[in-house]
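What follows is the residue order along each chain.
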There are 2 protein chains.
Amino acid sequence: MRISELAETTGVPIATIKFYLREGLVPPGERTSATSARYTDNHVRRLRIVRALIDSGVSLAETHAVLTALDSRQQNVHAVLGAAHAAVTPASGDDIDPAEAMHLVAQMGWRVGTGDLRAVHSVERALRAMQQAGFTPAPELLATYMDSMLTVARAEVAAVPAESIDEAVHFVVLGSVLGEPLLLALRRVAQQVASAERFGASVAVPSPPSAASPGQAPE
Amino acid sequence: MRISELAETTGVPIATIKFYLREGLVPPGERTSATSARYTDNHVRRLRIVRALIDSGVSLAETHAVLTALDSRQQNVHAVLGAAHAAVTPASGDDIDPAEAMHLVAQMGWRVGTGDLRAVHSVERALRAMQQAGFTPAPELLATYMDSMLTVARAEVAAVPAESIDEAVHFVVLGSVLGEPLLLALRRVAQQVASAERFGASVAVPSPPSAASPGQAPE
């Protein structure tokens, strides 16, 4: 298809597609003349991923890194997950002793390999930022955070399609990155629900999924 | 105390303090001469909060908004939570019909008031970005996300100190904002644990909290 059809199919303006092409986020089409090129369904697929990442607030550099992880053709889902995490986790500016970071997570009850030190560093950095603000989460709250995130992670990993490594990699990388804004947004809505439960505002009441029907949305 | 002592107490360089003062993130000290001012413990406290927010990746504009929510002296924790969320949730650039957004969340099994439409919009935006990338979370995964976030939110709200509204506001605003990087980092580490469980890499094994001791951290 021509670039105009590519734009029509994906809803991404031609100027934006040209920008992505210049940035190397989308591979060039097959040149058919001096001024035109042919694009395929692979371009449609790639363009949708790039758009979704950038719309989710992922930077150009991180988008590059995620695409590299997607293209790495690793035959091991576990390794790809590590690569994807490394891609979207900023390197810590300060020197954190790996042994110290591992020690922290071990103390929390998880034993983690050296494959994902950046994520462990992120945990340490986040905890330190809270402490600096005079806000250290109580051990019970931290335990709830950990339990809930392990529940989430197990459900995510269980959903990874095992038949095709390509599909699996796709699922892991995109689910990992695109799931972040969803989880944070759900947490905020849930906080409103929980806050209404405790502080008695009448604006929000939780209802079981089975009881919900389209007609029940409050105005 | 003088600005040099303020810098020493908080570990924030004088140049940075002066920048925060110019930006209005920290209130001016009490002027004692043409060239010097006196600062109090309130400045120490505020400076630590500003530093923690900015270190967590919160932008200058969002930090302003969070501080405004902190200073709003609302007498209702539920209202303050809404203000804090509104402060750190970007307004959606596109027009989302409020009724439609509410409908979505009601379909998901939560009934939410109109007080926190921005968070609901964020849920919708995040889901849409995933769909655009050809990645729609299965209903069971979405249900796990929701259950886990409600568990997290209830634990957070239960931990809010009820004696002092000031303390409560502090806790809600900072916990809400500073908790985000912690949760995301924990999710990534948990994904490594879950991925090792399923895909059999030997780099990570979960161990129950009771079994963990400082000596057990792997090298």
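Worth saying up front: this structure is predicted, and the values here are computed from it rather than measured.

> Teacher, can you tell me more about the overall build of chain A here?
Of regular secondary structure, chain A possesses nine helices and four strands. Ordered by position from N to C terminus, the α and β elements of chain A give α-α-β-β-α-α-α-α-β-α-α-α-β. Across the 219 residues that make up chain A, the buried fraction comes to 49%. Accessible surface computed for chain A: about 10,000 Å², of which carbon and sulfur atoms make up 52%.

> I would appreciate a short explanation of the packing of aromatic side chains in the present structure.
A ring pair, where both rings are aromatic, is described by two values, the distance of the centres and the angle of the planes. Residues and elements named next belong to chain A. Across all of its chains, the model carries two aromatic pairs over all chains by this definition. For the ring pair Phe19 and Tyr20, a centre distance of 6.0 Å and an interplane angle of 50° mean the geometry is tilted. Given a relative accessible area of 29%, Phe19 falls into the partly exposed group. What makes Tyr20 buried here is its relative accessible area of 4%.

> Can you help me understand the environment of Val152(B) in this one?
Following the sequence through the fold, Val152(B) ends up in helix H8 (residues 139-158). In the structure, Val152(B) is positioned 93 residues away from Ser59(B) in sequence and 25 Å away in space, judged by C-alpha atoms. The contacts of Val152(B), once residues within four sequence positions are left out, are Thr144(A), Tyr145(A), Ser148(A), Arg187(A) and Leu183(B).

> Is there a simple way to explain the side chain of Thr144(B) in this structure?
Position of Thr144(B) among the secondary structure elements: in helix H8. Among all residues touching Thr144(B), those that are not within four sequence positions of it are Thr151(A), Val152(A) and Ala155(A).

> Mind showing me how you'd approach the packing of helix H2 (residues 14-23) of chain B against helix H3 (residues 41-55) of chain B here?
Between two packed helices, both the angle of their axes relative to each other and the distance between the axes serve to describe the pair. Residue and element names in this part refer to chain B. Look at H2 against H3: their axes get within 12 Å of each other, and the N-to-C directions meet at 95°. When the axes of H2 and H3 are compared, the pair comes out roughly perpendicular. Packed against H2, whose contacting residues are Thr16, Ile17 and Tyr20, the element H3 presents Leu47, Val50, Arg51 and Ile54 at the interface. In the contact of H2 with H3, the residues fall into five nonpolar, one polar and one charged.

> Would you explain helix H1 (residues 3-10) of chain B in this entry?
Every α-helical turn comprises 3.6 residues, leaving residues that sit three or four positions apart pointing alike. Residues and elements named next belong to chain B. Buried within H1 are the following residues: Ile3, Leu6, Ala7 and Thr10. Along the axis of H1, the buried positions cluster into a sector of 100°, meaning they face one direction only. The inward-facing, buried residues of H1 abut H2 and H3. Of the residues one or two after H1, Gly11 is the one with positive phi, at around 75°.

> How should I be thinking about the pattern of salt bridges in this particular structure?
Pairing is possible between side chains of opposite charge, provided their charged atoms come close. As enumerated under the stated definition, the model contains six salt bridges over all chains in all. Arg154(A) is the salt-bridge partner of Glu197(B), the closest N and O atoms lying 2.6 Å from each other. Here Arg154(A) lies in helix H8 (residues 139-158) and Glu197(B) lies in helix H9 (residues 165-199), a pairing that spans two chains. A salt bridge links Arg188(B) to Glu180(A); its shortest N-O distance comes to 2.5 Å. Of this pair, Arg188(B) sits in helix H9 while Glu180(A) sits in helix H9 (residues 165-199), each in a different chain. Here Arg188(B) falls in the buried class, since its relative accessible area comes to 8%.

> Even after reading the chapter, I still don't get the environment of Leu21(B), so can you show me in this structure?
Residues and elements named next belong to chain B. Following the sequence through the fold, Leu21 ends up in helix H2. In the structure, Leu21 is positioned 26 residues away from Leu47 in sequence and 9.9 Å away in space, judged by C-alpha atoms. Ignoring any residue separated from it by four or fewer positions in sequence, one finds Leu21 in contact with Ile3, Val26, Pro27, Pro28 and Tyr39.

> Before we go on, may I ask you to explain the side chain of Arg187(B) in this structure?
Structurally, Arg187(B) is set in helix H9. Among residues more than four places away in sequence, those in contact with Arg187(B) are Met149(A), Val152(A), Ala153(A), Glu156(A), Gly175(A), Ser176(A), Gly179(A), Glu180(A), Leu183(A) and Tyr145(B).

Basis of the calculations
Along each chain, numbering runs from 1 in the same order as the chain's sequence is written. Going through the entries in the order they are written, you letter the chains from A and number the ligands from 1. For this predicted model, a pLDDT threshold of at least 70 governs which residues receive local features, and a threshold of 80 or more governs which side-chain atom pairs are given and counted, while totals over whole chains, interfaces and linings are taken from all residues. Values reported for side chains reflect all heavy atoms of the structure, with hydrogen atoms and water molecules removed beforehand. Runs of E in the DSSP output that reach at least two residues are strands. Runs of H or I that reach at least four are helices, and both are numbered from the N terminus. The rule is simple: take the accessible area with a 1.4 Å probe, protein chains only, and divide by the maximum for that residue type; under 20% is buried, over 50% is exposed, in between is partly exposed. Note on areas: Shrake-Rupley with a 1.4 Å probe; residue coverage comes only from the protein chains shown. Working definition: a ring pair exists when centres of Phe, Tyr or Trp rings (six-membered ring for Trp) sit within 6.5 Å. Plane angles under 30 degrees give stacked, over 60 give edge-to-face, the rest tilted. Any two residues having at least one pair of non-hydrogen atoms within 4.5 Å are treated as being in contact. Here, axes are lines fitted to C-alpha atoms. For helices the fit covers the stretch in contact, and angles between N-to-C directions go from 0 to 180 degrees. Oblique is the label for any angle not under 35 degrees, not over 145, and not in the 65 to 115 range, which are roughly parallel, roughly antiparallel and roughly perpendicular in turn. Three classes are used: nonpolar for Ala, Val, Leu, Ile, Met, Phe, Trp, Tyr, Cys and Pro, charged for Asp, Glu, Lys and Arg, and polar for all others, with Gly counted as polar. Arc definition: directions from the helix axis to the C-beta atoms. When a carboxyl oxygen of Asp or Glu lies within 4 Å of a side-chain nitrogen of Lys or Arg, that pair is called a salt bridge.

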